[in-house]
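Given next are the chains, with one letter for each unit.
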Amino acid sequence: AVVSTQSTGKTREATEEELLHSFVGRLQLMARHGTTTVECKSGYGLNTDTELKMLRVLERAKSLQSLDISVTYCGAHSLPFGMSEREATDDVLERQIPAIMVAANQGKVAVDNIDVFCEKGIFETACTREILKKGKEQGWKINFHAEELNYLGGVEMGVNAGATAISHLEEISDEGIRMMAEKKTAAVILPTTAWLLKLKAPPVRKMLDSGVVVALGTDFNPNAHCLSMLRIMNMACVEYRMTMEEAMAGATLNSAASMGLSDKTGSVEVGKWADLVLLKVPSWEHCIYQMDASDTITHVIKKGKVIYRA
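Residues numbered from 1 in each chain as written. Predicted model: local features only at pLDDT ≥ 70, side-chain atom pairs only at ≥ 80, totals over all residues. Heavy atoms only, no water.

Peer 1: What should I look at first to understand the pattern of salt bridges in this one?
Peer 2: Opposite charge on two side chains permits pairing when their charged atoms draw close. Summed over the entire model, instances satisfying the criterion amount to 21 salt bridges. Here arginine 95 ties to aspartate 91 by a salt bridge, and the two come within 3.6 Å at their closest N and O atoms. Placement of the pair is arginine 95 and aspartate 91 together in helix α4 (residues 85-105), with a separation of four residues, close to one helical turn. Relative accessible area serves as the criterion here: at 8%, aspartate 91 is assigned to the buried category. Ionic contacts of the salt-bridge type, sharing partners, join the residues Glu16, Glu17, Arg56 and Arg60 into one network. (Salt bridge = Lys/Arg side-chain N within 4 Å of Asp/Glu carboxyl O. Helix = DSSP H or I, 4+ residues; strand = E, 2+ residues; numbered from the N terminus. Buried < 20%, exposed > 50% of the residue type's maximum accessible area, 1.4 Å probe, protein only.)

Okay, here's the thing in structure tokens:
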């Protein structure tokens, strides 16, 4: 889908300044919807030059707005036209990652996480393992797609590789659930994509009852144009039978844990960032109960500073 849509071509054609302008505008809208920390990925270039361009945009945006950005490199998001899985894997390993490290040493980019779309006919488990291992060697946390459309054993492989988080998980096995619970690997659940693509619902209730750390995300991308985590929490309760307390934890502390940031943000505790959202509602549950309660947000505070006031 990444290649068959216009997204990759348009991203390649766009200038760095055009991407930066649109990106900063979206971050500002996310802030108005209550987000204070966001994970953002590359992955719509599928070649060295465009992946670097996207990573430079992510780095430059950090100083142009107020949200903290956890940067994920996802050069292995799909197979470029004309490339086999092996060829695309070698391109990531031998060209893209070395080029990123050169740019990182020059202070032009900074990557926190490595992602791969581990899927049948795209990057299957063996090649995914190679790419994740290479990323981990650079000091990047593993946070990747697995078991979205088909079961491949990607979760089991990822947990054994030391993944911090694994996303989508519609086709996860019972063994995968057990392993994620045991190793405290965060499950990043993305209700918009599953709903829009009419996928089987991920077994979220089973994950929670088994002790898996369940995080929630918007999966904002060309097929899921959603900026509101409040809307996501509502969907998680309705579609996946999460309690409101579980959805709130999934959108805050557990999401922070999926980025390795739960010691800094995600809950109101002494020593953590003062990241707060103030709402005009009868009780906190209304921010989930209402189908999109973004209009109830009166203030968004990032590290003690008001960044949005209604």
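Peer 1: Honestly, the state of the cysteines in this entry has me stumped. Any pointers?
Peer 2: Simply put, the disulfide is a covalent bond whose two ends are the sulfur atoms of two cysteines. Under the counting rule described, the total for this entry stands at zero disulfides. Free cysteine: cysteine 40, not disulfide-bonded; nearest cysteine sulfur from cysteine 74 at 13 Å. (Disulfide = S-S within 2.5 Å.)

Peer 1: Mind showing me how you'd approach the pairing of strand β3 (residues 113-116) here?
Peer 2: The side chains of a regular strand alternate between both faces of the sheet. Here β3 shows a buried face lined by Asn113 and Asp115 and a second buried face lined by Ile114 and Val116. Across three bridges, the pairing between strand β2 (residues 68-76) and β3 is parallel. Paired with threonine 72 across the two strands is asparagine 113, which belongs to β3. With α4 bridging β2 and the parallel β3, this β-α-β connection has right-handed handedness. Between β3 and its parallel partner strand β4 (residues 141-146), the chain crosses via helix α5 (residues 125-137), and the hand of that crossover is right-handed. (Pairing = 2+ DSSP bridges. Right-handed = clockwise from strand over helix to strand, strands pointing away.)

Coordinates in, geometry out; function isn't part of it.
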